[in-house]
Amino acid sequence: MSSLLNPKENMSKETSIRLIQLLRFIPRYPAKRSLSNFRDYLNSLGFEVTDRTIQRDLIKLEKFFPLICDDRNFPYGWSWQKDSKEIDLAAMDKVEALSLSLAEKFLEPLLPIENYDRISNLFNRANNILESSEQSQLRRWRDRVRVVPQSQRLEPPSVNQEVQTNIYDALLYGDQLDVLYLKTNSKVTERRIVNPLGIVLMGIVHRLICTMDPDFKIIRHLPLHRFKKANSNSEPCAEPENFNIDNYLKKESLSFLKTEKKLKIELLFDAHTGFHLSETPVSKNQKYKEEKNGSIRITGTVADTEQLRWWILGFGENVEVIKPQSLRDEFVKRSNLLNRIYKS
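Predicted model, so just to flag it, every value in this text is computed and none were measured. (Residues numbered from 1 in each chain as written. Predicted model: local features only at pLDDT ≥ 70, side-chain atom pairs only at ≥ 80, totals over all residues. Heavy atoms only, no water.)

Participant: It is not clear to me how the overall build of the protein should be interpreted in this structure. Could you clarify?
Facilitator: When you go through the protein residue by residue, the secondary structure sums to eleven helices and eleven strands. For the protein, the exposed area adds up to about 22,600 Å²; of that, 52% sits on carbon and sulfur atoms. (Helix = DSSP H or I, 4+ residues; strand = E, 2+ residues; numbered from the N terminus. Areas by Shrake-Rupley, 256 points an atom, 1.4 Å probe, with all protein chains shown as cover.)

Structure (structure tokens):
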């Protein structure tokens, strides 16, 4: 109760909490945050402070912690020094350590390298806690659980890390981008204005969900490795009305949708190849029938995508497209072309 009657003590506590929140929000070099970034962050937490107050706080913290201010370019930004050890502001129990240790492998492809490096010390803490734990069951679980790709393993494309960081920042802060983009089968980049709407990891390829000039009505998904330059143009991102990334993905947009019309397919598999579809159906309304000769007839309604065609092609001679006739005709043409290639 006495602290409630002592304004100076209340002010001291508020300042201490504000300083702790500032430390939590400072990124590791080369990433940096400006005074306006700090102000917006503190305002969201209920601290109404001026840029001057924040600047004084940061200078005060710099005396005790390995922080740096990058004043080479405007706006100036603050960071933890590259090789510094960020302070631990909270204890970590063994279950939290296990969760972070497992998450480490799955977060890496979702974050730019700089961002991943900045939190690597957190993963190191988690792994150290598990290694020193007397409860070996936790280590055993971590060492026995894995996720592997279902398709052919490929090496990830090379992505310009500065470009990726700028795209992620623009998405985070709702900024529009001025980019240089290299289209498929092109050798010359094109300058475009882009509104970033989302990021999707598809296999090993990061795709930017966005709109792009000259037609901002079309929502696209573009591989990050084809962006050669990307910088905020200080304009706010212009989002399509009622855009929702989950609704966009439900439309099979990333599977290279050919038409909005659904396909009622009928496929005939050999017994060995088609059995897995009894456990993992191709659609919710799939029907699975074993023929007298041992083959398996599959029917169902699916999206009309290129990915569907790649999937069927992957089974080679072990599947036959029966319906629809238009899809069967496509595969007759493909098989004739393949026959021509291998005959030569």
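Participant: Any chance you could explain the pairing of strand 9 (residues 287-290) here in plain terms?
Facilitator: The side chains of a regular strand alternate between both faces of the sheet. Alignment of strand 9 against strand 10 (residues 296-302), held across four bridges, turns out to be antiparallel. Each bridged residue has a counterpart across the sheet, and for Tyr-288 the counterpart in strand 10 is Ile-298. Counting the residues that bridge the hairpin from strand 9 to strand 10 gives five residues, and of these Gly-294 lies at a positive phi of roughly 95°. (Pairing = 2+ DSSP bridges.)

Participant: Would you take a moment to explain the sheet that holds strand 7 (residues 227-236) for this structure?
Facilitator: Sheets are built from strands that pair by backbone hydrogen bonding, the pairs being arranged parallel or antiparallel. With antiparallel pairing, five strands are arranged side by side in an open sheet as 6-5-4-3-7. Of all the strands in the sheet, the pair left with one neighbour each is strand 6 (215-223) and strand 7. Ignoring which end each strand starts from, the neighbouring axes of this sheet average 40° apart. By the bridge criterion, eight bridges tie strand 4 (residues 190-202) to strand 5 (residues 205-212) in an arrangement that is antiparallel. Counterpart to Asn-195 in the pairing with strand 5 is Thr-211. Across the sheet, helix 7 (residues 161-173) lies against strand 3 (175-181), strand 4, strand 5 and strand 7, angled at about 25° from strand 7, the strand it touches most. (Axes fitted to C-alpha atoms, helices over the stretch in contact; angles between N-to-C directions. Contact = heavy atoms within 4.5 Å.)

Participant: Hey, could you run me through the packing of helix 10 (residues 306-313) against helix 11 (residues 325-343) in this one?
Facilitator: How two helices pack is summed up by the angle between their axes together with the distance between the axes. In contact at an axis separation of 12 Å, helix 10 and helix 11 are set at 55° when each is read in the N-to-C sense. When the interaxial angle is binned, helix 10 and helix 11 end up oblique. Crossing of helix 10 against helix 11: the hand is right-handed. Packed against helix 10, whose contacting residues are Glu-306, Leu-308, Arg-309, Ile-312 and Leu-313, the element helix 11 presents Leu-327, Glu-330, Phe-331 and Arg-334 at the interface. (Parallel < 35°, antiparallel > 145°, perpendicular 65-115°, else oblique. Left-handed = near helix turned anticlockwise from the far one by under 90°.)

Participant: Mind showing me how you'd approach the pattern of salt bridges here?
Facilitator: Working definition: two side chains of opposite charge can pair if their charged atoms are close together. Tallied over the full model, the rule gives twelve salt bridges. Residue Asp-57 is joined to Arg-18 by a salt bridge in which the shortest nitrogen-to-oxygen separation is 2.7 Å. One end of the pair, Asp-57, is in helix 3 (residues 51-62); the other, Arg-18, is in helix 1 (residues 7-25), and 39 residues separate them in sequence. Side by side, Asp-57 and Arg-18 carry an identical accessibility label, which is buried. (Salt bridge = Lys/Arg side-chain N within 4 Å of Asp/Glu carboxyl O. Buried < 20%, exposed > 50% of the residue type's maximum accessible area, 1.4 Å probe, protein only.)

Participant: Which parts of the structure should I look at to understand the nonpolar core?
Facilitator: Generally speaking, a soluble globular protein has its nonpolar side chains buried in company with each other. Judged by nonpolar contacts, the single largest core of 16 residues is most densely connected at Ile-167, Leu-177, Val-179, Val-194, Leu-208 and Phe-227. Elements with a minimum of two residues in this core: helix 7, strand 3, strand 5 and strand 7. For this core, the leading source of residues is helix 7, giving four residues. With sequence-adjacent residues up to four places away left out, Val-179 is seen in contact with Glu-190, Arg-191, Arg-192, Val-194, Phe-227, Lys-229 and Ala-230. (Core = buried A, V, L, I, M, F, W, Y, C linked by side-chain atoms within 4.5 Å.)

Participant: In this structure, what is going on with the side chain of His-221? I would like to understand it.
Facilitator: Checked against the element boundaries, His-221 lands in strand 6. Polar side-chain contacts of His-221 include one of 3.3 Å to the side chain of Arg-207. Those residues in contact with His-221 that lie beyond four places of it in its chain are Arg-207, Leu-208, Ile-209, Tyr-248, Ser-253, Leu-254 and Phe-256. (Polar contact = N/O pair within 3.5 Å; in protein donor to acceptor, adjacent residues only side chain to side chain.)

Participant: Sorry if this is basic, but what is going on with the sheet that holds strand 9 here?
Facilitator: Read from one edge to the other, the open sheet built from four strands follows the order 9-10-8-11, with strand pairing classed as antiparallel. The open sheet has two free edges, formed respectively by strand 9 and strand 11 (319-323), since each of these has just one partner strand. Within the sheet, the average angular offset between the axes of one strand and its neighbour, ignoring direction, is 20°. Sheet analysis places strand 8 (residues 263-269) next to strand 11, joined by four bridges and oriented antiparallel. Within strand 11, the residue paired with Leu-267 across the bridge is Val-321. Relative to the sheet, helix 10 contacts strand 8, strand 10 and strand 11, its axis offset from that of strand 8 by approximately 5°. This element, helix 11, spans strand 8 and strand 11 of the sheet and lies at about 145° to strand 11.

Participant: I tried to follow a nonpolar patch on the surface on my own but got confused; where do I start?
Facilitator: Together, Phe-256, Trp-310 and Leu-313 give the surface a local cluster of nonpolar side chains, amounting to about 270 Å² of exposed area. By the secondary structure assignment, Trp-310 is in helix 10. Exposure remark for Trp-310: the relative accessible area of 46% places this residue in the partly exposed category. (Patch = residues over 30% accessible without salt bridge, like charges linked within 9 Å, V, L, I, M, F, W, Y side chains within 5 Å.)

Participant: What is the right way to look at the environment of Asp-57 in this model?
Facilitator: With a relative accessible area of 3%, Asp-57 lands in the buried category. Separated by 39 residues in the primary sequence, Asp-57 and Arg-18 place their C-alpha atoms 8.8 Å from one another.

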